[in-house]
Amino acid sequence: MVMPRRKIGAHEVSVVGVGCNQMGPTADEQMSARIVRAALDAGINFFDTADEYGPEGVSEEFLGRALRGRRDDAVIATKFGHFMHGDPARGGASARWIVRAVEDSLHRLGTDRIDLYQQHFPDAHVDPQETLTTLDRLVRQGKIIHYGFCNVGADDIARRCGIARTEGLSGPVSAQNRYNLLRQEARHELVPVLEGNGLALIPYFPLASGMLTGKYRAGHLLPTDSRFARHLDPAQAERIIERDAAAVERLASWAADHGRSVAELAIAWLAAQPVVASVIAGVTRPEQLQANARAADWVLSAEQIDEVAVLTSDAAQR
């Protein structure tokens, strides 16, 4: 199959992308390089990382070295804004920090430009106009091609787009927010604003931290290599599993009726929505990436999108 492509600004990106948050914590440099090669071989060209991933900077370094000689085959998205080690002087969305952070990321990635530079988290202490003006300057300098925002609500996105238009600045081209079959709030709140302003959506946690892979079952031990086992205490993980288990079973049954897995359904459901540019999921080995890529050839109709959404309406409203 040919991997479908969508637009983020001027970039043509694969509808399935690679979340690079596991490059460093669970995938060493050799494995990270294998993941990047497998992605490119599968027609996947969109790689999403951040200055904090790895820990600090390691993911960018691994990605940059893995792309040596193939930089022009990739669209690189990274992020700024996380307060490194909780230090208020090393993070945020001020002009002072952005101009430092972008240089650090360019150096770690070993590139002369960042294709999509994203503010990772809102910063209530900085006027959005300062952030927008600084990002616009970086676009004009050619250090970044486009910029976007992560974890920002619909009203805030609309406000930032309005400021950019009023001030004659280059505007954002994307928003990256949590969106999956178990957490659908973005569908009714954020998506209309993005469509109205011509922005692309990059949904993260498309597999709900593994819940939508079918690997978790109520009353069973957590798989030791799972995100829940690494990041949640057992009681918290059990609550989430019990809350969502029935919805996942309904999805798995629907997917099986169509000869597919629940993970493929989770990715295909997002990819079928025109506002979605690239579905990014973190991977720790090439086999996971290849499974994600297979979902790209399953095209759901508008009616199927609505039908599947209803199967998880009880979970998605919690």
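Remember, it's a predicted structure, so these values are computed and weren't measured experimentally.

Focus on the environment of Ala 271
In this structure, Ala 271 sits in helix H10 (residues 262-271). When its relative accessible area of 10% is taken as the criterion, Ala 271 is described as buried. Those residues in contact with Ala 271 that lie beyond four places of it in its chain are Arg 6, Val 15 and Val 279.

Some remarks on the packing of aromatic side chains
Applying the stated criterion across every chain, the model contains 5 aromatic pairs. Between Trp 254 and Trp 298, the ring centres sit 6.1 Å apart and the planes meet at 25 degrees, which makes this aromatic pair stacked. Of this pair, Trp 254 sits in helix H9 (residues 234-257) while Trp 298 sits in the loop between helix H11 (286-294) and helix H12 (302-311), placing them 44 residues apart in sequence. Relative accessible area serves as the criterion here: at 9%, Trp 254 is assigned to the buried category. On the accessibility criterion, Trp 298 (11% relative accessible area) is buried. Above the plane of the ring of Phe 149 lies Arg 160, whose end atom (NZ or CZ) is 4.5 Å from the centre.

As for the packing of helix H1 (residues 29-41) against H11
When two helices pack together, their arrangement is given by the angle between the helix axes and by the axis-to-axis distance. The contact between H1 and H11 brings their axes to 9 Å, and the two run at 25 degrees. Here H1 lies roughly parallel to H11, going by the angle between them. The element H1 and its partner H11 pack so that their crossing is right-handed. Of H11, the residues touching H1 (which contributes Met 31, Arg 34, Ile 35, Ala 38 and Ala 39) are Pro 286, Glu 287, Leu 289 and Gln 290. Here the residues of the contact of H1 with H11 sort into 6 nonpolar, 1 polar and 2 charged.

Each value, and the rule that gives it
- Residues numbered from 1 in each chain as written.
- Predicted model: local features only at pLDDT ≥ 70, side-chain atom pairs only at ≥ 80, totals over all residues.
- Heavy atoms only, no water.
- Helix = DSSP H or I, 4+ residues; strand = E, 2+ residues; numbered from the N terminus.
- Buried < 20%, exposed > 50% of the residue type's maximum accessible area, 1.4 Å probe, protein only.
- Contact = heavy atoms within 4.5 Å.
- Phe/Tyr/Trp six-rings, centres within 6.5 Å; stacked < 30°, edge-to-face > 60°.
- Lys NZ or Arg CZ within 6 Å of the ring centre and 35° of its normal.
- Axes fitted to C-alpha atoms, helices over the stretch in contact; angles between N-to-C directions.
- Parallel < 35°, antiparallel > 145°, perpendicular 65-115°, else oblique.
- Left-handed = near helix turned anticlockwise from the far one by under 90°.
- Nonpolar A, V, L, I, M, F, W, Y, C, P; charged D, E, K, R; others polar.

That's the geometry; what it means functionally is another story.
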